[in-house]
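Residues per chain are reported as follows:
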Amino acid sequence: MTYQEVLVEARTCSGPCKACPICNGRTCGNHIPGPGAKGVGDVAIRNYEAWKRIRINMNTISPNVTPDISFDFFGQKLKAPIMVGPVGAMKLHYGDKYTDLEYNRILVRAAADAGILAFTGDGTNPDVMKAACSAIEEAGGRGVPTVKPWDINTLKEKFALVKSSKSFAVATDIDAAGLPFLQNLDPPAGSKTVEELHEMIEAAGKPYIIKGIMTPEGALLAKEAGASAIVVSNHGGRVLDQCPSTAEVLESIADAVAGSMMILVDGGIRSGIDIFKALALGADAVLIARPYVTAIYGGADEGVRLYTEKLMNELTDTMKMCGVSSLKAISKRNLFHPSSRYLS
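Everything numeric in this text was worked out from a predicted model, so none of it was measured.

## Some thoughts on unusual backbone geometry
Piece 1. The peptide bond linking I32 to P33 adopts the cis configuration, its omega dihedral lying at 5°.
Piece 2. Despite not being glycine, A19 shows a phi value in the positive range, around 50°.
Piece 3. Tracing the backbone through its elements, the reader meets A19 in the loop between helix 1 (3-10) and helix 2 (42-53).
Piece 4. Within the chain, A89 stands out as a residue other than glycine whose phi angle is a positive 55°.
Piece 5. Among the structural elements, A89 can be located in the loop between strand 4 (82-84) and helix 3 (90-94).
Piece 6. Residue A89 is classed as partly exposed on the basis of its relative accessible area, which comes to 28%.

Given below as structure tokens:
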């Protein structure tokens, strides 16, 4: 099977998603249910296009070596700085082929086999988190359960499942506070104060990743709460209309907390070149979500392997052509800007 064949097959079974050759947000627009964005629907488009506006500097006067793209993520050895972002409500947004339970089971296993790892989703159905944690346990703890921002009592129940999964870390997509299906629920879910986040992190007892950071101030507050890592993310444009892209805010956020916590980023990243640009702007690794949904719907485990190999090959090739041989060597100097701000 080829990656193109994965796309063709996905178009037959991914519901509202059209499994476009490039997932750029334009076809989906603001279609929700479906994988679209909120409001006018242009945040997902902006996420994708912002990476394309960034240009990179070519430099082939350098040692002719194969770049090392391996990445250490809290003791987990990954083949590349790539992780799969959490996605939920599969039947609602992507058709009837997979339940959340089935999707997460394939996702966790396939990502681990491909040499990366997956963040799993959460939902109003308690069985979703149970199945996700079970899948992570089956993969030897190689996965990150992502818990919605519930009240502390519900979170403690979820953390018991997280502990049983033997996962090495846990995440909360704090921006999920803006998801319509989490509004006015019992138990409640929503925004958290620094003090509430600190209580959550203490209760979890594992390295904690806060997903949904879009400002330097937010990053500093996550750090104050005790987070070990953040994900610069606007939830794919699904929680707030008219906000900036992640590429536009990444640099200032990375500058604010550089060296004090791990920085991940998602939103419109679709190629190894995009990954290179994200690392140059200060990220340590990336999360990619929607294209992996297509990969699973079109090819299950093999789809995940093929898309991951595509990304890794593109990242390796970009590093070679830019004269860098390790992830740590990627910097702003590898980015082109007409004002030469990255060249001084």
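## Quick look at the pairing of strand 10 (residues 262-265)
Piece 1. Because side chains alternate across strand 10, one face comprises the buried residues M262 and L264, and the other comprises I263 and V265, equally buried.
Piece 2. Once you follow strand 9 (residues 229-232) into helix 9 (residues 246-257) and on to strand 10, the crossover reads as right-handed.
Piece 3. Pairing geometry for strand 10 and strand 11 (residues 285-288), over 2 bridges, is parallel. Looking at strand 11, one finds that L264 is bridged to A285.
Piece 4. This β-α-β element, strand 10 to helix 10 (residues 272-280) to strand 11, shows right-handed connectivity.

## Quick word on helix 11 (residues 290-321)
Piece 1. End to end, helix 11 covers just 28 Å across 32 residues, shorter than the expected 46 Å (1.5 Å per residue, more than 12% under).
Piece 2. Maximum bend of helix 11: about 135°, positioned at G299.
Piece 3. Following helix 11 by one or two positions, G323 has its phi on the positive side, about 75°.

## Looking at the sheet that holds strand 7 (residues 170-173)
Piece 1. Here we have 8 strands rolled up into a closed barrel, ordered 4-5-6-7-8-9-10-11, and parallel in their pairing. Put simply, the sheet's adjacent strands are angled 25° from each other on average, direction ignored.
Piece 2. One ladder, built from 2 bridges, connects strand 6 (residues 144-147) with strand 7; its direction is parallel. Each residue of the ladder has a partner; that of T146, found in strand 7, is A171.

## Things to note about the pairing of strand 9
Piece 1. Here strand 9 shows two buried faces, one formed by A229 and V231 and the other by I230 and V232.
Piece 2. Here strand 8 (residues 208-213) runs beside strand 9; their pairing, made up of 4 bridges, is parallel. What sits directly across from I210, in strand 9, is I230.
Piece 3. Remark: the strand 8/helix 8 (residues 216-225)/strand 9 crossover connection has right-handed handedness.
Piece 4. Sheet topology note: the strand 9/strand 10 ladder contains 4 bridges and is parallel. Within strand 10, the residue paired with V232 across the bridge is V265.

## Focus: the environment of A329
Piece 1. Here A329 lies in the loop between helix 11 and strand 12 (335-336).
Piece 2. Take A329: its relative accessible area is 34%, and that puts it in the partly exposed class.
Piece 3. In the structure, A329 is positioned 50 residues away from L279 in sequence and 9.6 Å away in space, judged by C-alpha atoms.
Piece 4. Among all residues touching A329, those that are not within four sequence positions of it are V324 and N334.

## Here's the deal with the packing of helix 6 (residues 152-165) against helix 7 (residues 194-204)
Piece 1. Their axes nearest at 10 Å, the elements helix 6 and helix 7 cross at an angle of 25°. On the basis of their axis angle, the class for helix 6 and helix 7 is roughly parallel. Between helix 6 and helix 7 lies a crossing whose hand is right-handed. Between helix 6, through I152, L155, K156 and F159, and helix 7, the contact on the second element is made entirely by E199, M200, A203 and A204.
Piece 2. Class assignment for the residues of the contact of helix 6 with helix 7 results in 6 nonpolar, no polar and 2 charged.

Procedures and definitions
Residues numbered from 1 in each chain as written. Predicted model: local features only at pLDDT ≥ 70, side-chain atom pairs only at ≥ 80, totals over all residues. Heavy atoms only, no water. Helix = DSSP H or I, 4+ residues; strand = E, 2+ residues; numbered from the N terminus. Buried < 20%, exposed > 50% of the residue type's maximum accessible area, 1.4 Å probe, protein only. Right-handed = clockwise from strand over helix to strand, strands pointing away. Pairing = 2+ DSSP bridges. Expected span 1.5 Å × (residues − 1). Bend = angle between axes of the 7 residues up to and from the residue. Axes fitted to C-alpha atoms, helices over the stretch in contact; angles between N-to-C directions. Contact = heavy atoms within 4.5 Å. Parallel < 35°, antiparallel > 145°, perpendicular 65-115°, else oblique. Left-handed = near helix turned anticlockwise from the far one by under 90°. Nonpolar A, V, L, I, M, F, W, Y, C, P; charged D, E, K, R; others polar.

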